[in-house]
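# Observations on chain architecture
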Amino acid sequence: MGVFISVQVWFDLEIPGYMTRITVLLNSSGTAEEIMAEGLGMIGCSVGSVICSICGGCLAAYVASDFAKTLRKEQFSKVQSFSPEEMGKFNIYSLITRSTNDVTQVQNAVARTSQLIVKVPVMVYIALTKVATGSWEWTEVTAIGITAIIIVQSFMLFYVIPRYRKVQWFTDDMNRTVRESMSGVRSIRAFNAEDYQNAKADSANSELTENNLFASRLLAFTRPFNGVVQNILTVVIYLLGAGIILAAASPDEALTVFSNMVVFSSYVLYVVSSFILLAHVAMGLPRALVSAKRIRDVIDTEISVNTGTETSSGPEDPCISFRNVSFAYPNSSEDTVTGISFDVKHGETVAIIGQTGCGKTTLLNLIPRLYDATSGTVTVDGRDVREYDLDYLRSKIGFATQKPMLFSGTVRFNIGYGRDGCTDEEMMDAARVACIDEFLKSRDGLDTKVEHLGANLSGGQKQRISIARAICKKPEIYIFDDTFSALDYKTDMMVRRNIKKETSDATILIVSQRIVTVADADKIIVLSDGRIEAAGTHSELMQSCGLYREMAELQEFSGVMHRCRARP
Amino acid sequence: MQSAPVKKSRPDDFREAWMNIFRYIGKYKYMFFLTAALSAAASVLSLLGPYYISELTNLIQEGLDSAMDMDRIGEIGTLLIAMYLISGLFSFFENYMMATVSQRSAEMFRKDISRKLNRIPLHYFDRSSKGDVMSRVTNDVDTLGSSMNQCIGSLVTAVTTLVFALILMTLLNLVLTALSVAIAVAGFLIIKVIAKRTQRYFKSQQKNLGAMNGLVEEQYTGHTVVSLYAGQKKAAERFDKINEELGHSAFRSFFLGGISSHLSGLISNAGYVLVCVTGAVLYINGNTSLGVIVAFMIYVKLFTGAFNQISSAIVSMQSVAAAAERVFIFLGYEELPEETEKTDISGIKGLVKFDTVRFGYDPEHEIIHGFSAVIQPGQKVSIVGSTGAGKTTIINLLMRFYEVNSGEISIDDIPIREMTREQVRSLFGMVLQETWMFEGTLRENIVFNSTGVTDEKLDEVCAAVGLTHFVSSLPEGYETKIGDLDSMSAGQRQQIAIARAMVSDPKMIILDEATSSVDPLTEKMIKDATNRMMSGKTSFVIAHRLSTIIDADMIIVMEDGRIVQTGRHEELLSVKGAYKELFESQFDVAERG
């Protein structure tokens, strides 16, 4: 790119020469042919210049767009490797701004300035060599002018950069409120809270606008300022020139000064305008610098959950084992779970039940290493989960999350999500196990469309598709985190029976609030306030564990049921 | 989600977008004109500069041979400096005001988009990608704000210069003027051809940016599932496709945008030479004087320079148009009809009637097939049925989230169609199946839109839903920031959502699977509390856990969008039917155990 631009600058500098000669020819009554000859030379130069600048522009466009592409890709890949902890640190809405808006800022700055960054030094160098012929006074004045421009520019950068930092923050906020308004649209309307939400958007909006206004008003000052400096500089050079000529000893000397002055002023213009171009570069930079920093923050983030190397299982038994495990969420001083120890043997079904917020989901999250235990060890197939290659570990596990997360596209995409190359039959089979096959058949089968976050499906349908996704993966370990909560009991029971039947050798971990869902597990762990309160089978716990019995009774296992049994 | 191939832009897209912009910023009309006037004045002043500079040169040149007229030189110097200062001041004001106009317009756009979100029908949200709408608020409006700033000022300056130069040229020599104009017109035509192509890429750039935002939003929202199912590769495929297209359209628009300004430079140089040569011929043939040609050449330079500026201003205007188009498409989306308050609802008792209600989210799939029911004031109604039976849909219709296809829902015999949506919703406290938390303090999340909620009330409600322990465990109690707080469980979110509904002190309440993730003990507590707080008030409860529904005054059993049974728990159990089947499945295991 440097070559193209240097050549282009050279061509550009040749053009004024031709102009002068044309003017001279006209003055000295040259023939049309002579003028034409110079004219052709000039056109040749401008064609050359245009070709070079198109090539340079092409390269700059390529550099900018490719750089942006790489930034987006790198950032996206990095975020994909984040654990939930890092996701929480940045917030989704901010990561979204960084992926598009911030990258665009950087891209535009690169496109606008990459050519100039090469061009300006070349221009300055060429022009300076020519300016060197001028007198001291002129050089001094020029230096003063340039210094003024540089000072004003630096001041501007100093004040503008913090503003743009805020602009990007509030862009995050704007993103957040819009995302919030969309995901909470039903709640907002149900509560007639439109104005409440508007007020939030307005405050982000006005902060964003005020900071943008401040920055762009400051920038509004610099452009005319540079123009004024440039113009006044010319006038001053002429005025000084007149003084020098007046003081000149001989007419010859005066003539030299005069011609120097004319040449000098035109090159001064060139030098100053190259500095102005530099100022333009500087004007494009503040926001891009802020954005670049934000992108770098993402790319440089240290990931809390790092992959191990092991891609084979350990001594097998027990399948899952917790040894004295405690965990506290980042930024939280209190443990969410404390001193948890239990084993799950191969092929066993273990259920976890307990009060809201007692740490059930937290426990499950430690197995596929969404988080790492603060102390103690979690092992899978006899090996510490931290030793495994992360992908290998997770490939052993079919995890149906509490909140069913579906991707826009088709049901096929969603069910087949966990395993490459599964056939339609396998997917329909998984759908059958999850009792969603009838529904799919009534629609477009595996081609049934899934909207963003499954907006077109009911809560129970979403849960069953997410269960089918886990089943289709054919893992060794199934984890169902309260995945049956939106299913009616009949479907709940059928799905569990199907799973048991189809996956007789799989190990299953279930979290549920429903006693029925957990009752036939090989082992039930009752969690209370982050500790294991009791463990055993349904009938054992009914005898020994007060909390469990209470929960069971509340779900009408004794009362109403016996009442209705009493009827014939 | 997938980005469609680059759409061929209609020729009038550009004009239409700009007409819309001008209409839109009507409020700033005067400021806009003032900006244009200042810009014109500033450029006229700076156009006069070269005239005085040449006089200055002449004076000094004359001073070489004879006495230098220092007074006059000083005078012109002062005049020039004054002129440049004033011109600089003008253009500062112009820039300042243009920055104001464009940032204020951007603000207006953002405001209108966020307002718009509250007025479009719900089905829009079921279908569209959040990320794409977010991109309109941030990326498109951003492009709009920053490019508008640049293009208007330079366009006005350029046009002023062009007109000014043209007038002077016409005064000097008609033939040469005609020639220059012909060259400029030819140049414009060439640039127009390029610009049309560029416009297409600007549009696809903004569009791909939206698609990218959509993809990223979805992937980041589903991050946990992506990690658990090693979905990174699948995501990368989708990502690369959009990234590639985005990169491609960015490259094309930069490149083509650049070409048009380079080409116009070439055209203006060529024009310059042509004028010189023609001028020389005219001069040699004695048709014009040398002075005229020399002067003319200066103006041709100005003329062609302005022409250059216009072509680059057009490139900026194109990116504005491309962004504006997307914003206007969103703003133009069909809105919910305006309603005026026609009915007084202050004395509502809570008699809710459904009369043969039919409904489908899309016309081909009817989901509710003639639903009729009468709920007496103060009754506690439970809606049960297998998943996908249409329970939530009935609630959606009652809240007027969607409008019935046929049939009627009325409250105290006033059809809800005859109330405003706000009125209908103000009657209900609702807890949705999917809990929604926003970034803010716990207090803000519970109090939400309600006014005048005292701390005592807050404590009372939190105690009722079993949140007291949770609140006291938080480092800053009610003032703790929550939101996407990972350490908050699904059950706790549901408790907060119920507290939110209770705080609003509604006339009727709707609980849609409100306690599905809550443990039985807490659920019992919540049930007792709601029964107490809602005594005498009509309530609707959707639940699977039968302990929740057992004491309802009326149980509606739904199957495939129809009511199959209604009655009280004991009545329904005494007959063979859907309810008995559902109920017994609950004890299937217990019988064995």
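Residues numbered from 1 in each chain as written. Chains lettered and ligands numbered in written order. Predicted model: local features only at pLDDT ≥ 70, side-chain atom pairs only at ≥ 80, totals over all residues.

## A closer look at the overall build of chain A
Each helix and strand in chain A was counted, giving 19 helices and 12 strands. Over its C-alpha atoms chain A spans a radius of gyration of 37 Å, topping by over 25% the 24 Å that the globule rule assigns to 568 residues. Along the longest, intermediate and shortest principal axes, the C-alpha atoms of chain A span 130 × 55 × 50 Å. Counting every position in chain A, which comprises 568 residues, the buried fraction comes to 52%. The contacts in chain A between residues at least 6 apart in sequence include a share of 78% that link residues at least 24 apart. (Helix = DSSP H or I, 4+ residues; strand = E, 2+ residues; numbered from the N terminus. Rg over C-alpha atoms; globule rule 2.2 N^0.38 Å. Buried ≥ 20, exposed ≤ 12 C-beta atoms within 10 Å, placed from the backbone. Contact = placed C-beta atoms within 7 Å.)

## Overview of the domain arrangement of chain A
Interfaces are often sized by the amount of accessible area the parts lose when they come together. What the domain assignment reports for chain A is domain 1 (83–299), domain 2 (320–396 + 475–566) and domain 3 (407–468). Here the C-alpha centroids of domain 1 of chain A and domain 2 of chain A sit 58 Å apart. (Domains from an automatic or database assignment.)

## With respect to the interface of chain B and chain A
Counting residues at the interface gives 148 residues for chain B and 156 residues for chain A. For the side of chain B that touches chain A, the leading source of residues is helix H8 (residues 232–284) of chain B, giving 25 residues. Across the side of chain B that touches chain A, the residue classes tally to 72 nonpolar, 54 polar and 22 charged. (Nonpolar A, V, L, I, M, F, W, Y, C, P; charged D, E, K, R; others polar.)

## A short note on the domain arrangement of chain B
In terms of domains, chain B is made up of domain 1 (13–331) and domain 2 (352–583). Centre-to-centre, using C-alpha coordinates, domain 1 of chain B lies 56 Å away from domain 2 of chain B.

## Side note on the sheet that holds strand S3 (residues 380–385) of chain B
Residue and element names in this part refer to chain B. The sheet built from six strands is open, its strands ordered S6-S9-S10-S3-S11-S12 with mixed pairing. Every interior strand has two partners, whereas the edge strands, strand S6 (428–431) and strand S12 (562–567), have only one. When the angles between neighbouring strand axes are averaged without regard to direction, this sheet yields 15°. Helix H19 (residues 578–585) rests against S3, strand S11 (554–559) and S12 of the sheet, and its axis sits at about 95° to S11. (Pairing = 2+ DSSP bridges. Axes fitted to C-alpha atoms, helices over the stretch in contact; angles between N-to-C directions.)

## Focus: the pairing of strand S4 (residues 406–411) of chain B
All names here are of chain B. Here five bridges tie strand S1 (residues 352–359) to S4, and the two strands are oriented antiparallel to one another. When the bridges of S4 are listed, Asp355 appears paired with Glu408. Relative to strand S5 (residues 414–415), S4 runs antiparallel, the two being bridged by two bridges. Its bridge partner being in S5, Ile411 is matched across the sheet by Ile414. Where S4 hands over to S5, the hairpin turn is made up of two residues, of which Asp412 adopts a positive phi near 50°.

## Some remarks on the confidence of the model for chain A
On average, residues of chain A carry a pLDDT of 86, and 95% of them reach 70 or more. A low-confidence stretch, residues 558–568 of chain A stays under pLDDT 50, and its non-local contacts, those more than four residues away or across chains, total seven contacts. (pLDDT = per-residue confidence, 0-100.)

## Overview of the sheet that holds strand S9 (residues 477–481) of chain A
Residues and elements named next belong to chain A. Spatial ordering of the open sheet is given by S6-S9-S10-S3-S11-S12, a layout of six strands whose pairing is mixed. One side of each edge strand has no neighbouring strand; the edge strands of this open sheet are strand S6 (397–400) and strand S12 (531–536). Averaged over all pairs of adjacent strands, the angle between their axes in this sheet comes to 15°, without regard to strand direction. Pairing analysis gives five bridges linking S9 to strand S10 (residues 507–511), with the strands arranged parallel. From the neighbouring strand, Asp481 faces S10, where its bridge partner is Val511. Here helix H14 (residues 459–472) sits on the sheet in contact with S6 and S9, set at roughly 180° to S6.

## Some points on the environment of Gln75 of chain A
All names here are of chain A. By secondary structure assignment, the location of Gln75 is in helix H2 (residues 32–80). Along the sequence, Gln75 and Leu95 sit 20 residues apart, while their C-alpha atoms lie 9.2 Å from each other. Among all residues touching Gln75, those that are not within four sequence positions of it are Arg98, Ser99, Ile295, Val298 and Ile299.

## So, the environment of Thr160 of chain B
Residues and elements named next belong to chain B. With respect to the element layout, Thr160 can be found in helix H5 (residues 130–172). The spatial distance from the C-alpha of Thr160 to the C-alpha of Ala36 is 9.4 Å, given a sequence separation of 124 residues. Thr160 has contacts with Ser39, Ala40, Ser43 and Val44, leaving out every residue within four places of it along the chain.

## Regarding the nonpolar core
By size, the foremost hydrophobic cluster in this structure holds 279 residues, and its most contacted members are Ala434, Ala468 and Ile479 of chain A together with Ala499 of chain B. Excluding anything up to four places from it in sequence, Ala499 of chain B contacts Ile446, Val461, Cys462, Val465 and Leu467 of chain B. (Core = buried A, V, L, I, M, F, W, Y, C linked by C-beta atoms within 7 Å.)

## Re the packing of helix H7 (residues 194–247) of chain A against helix H2 (residues 29–65) of chain B
One can describe the packing of H7 of chain A onto H2 of chain B by two numbers: an axis separation of 10 Å at closest approach and a directional angle of 10°. Taken together, the axis directions place H7 of chain A and H2 of chain B in an arrangement best described as roughly parallel. On the side of H7 of chain A, the interface is formed by Asn231, Thr234, Tyr238, Gly241, Ala242 and Ile245 of chain A, while H2 of chain B contributes Gly49, Ile53, Leu56, Ile60, Gly63 and Leu64 of chain B. Along the lines of polarity and charge, the residues of the contact of H7 of chain A with H2 of chain B split into seven nonpolar, five polar and no charged. (Parallel < 35°, antiparallel > 145°, perpendicular 65-115°, else oblique.)

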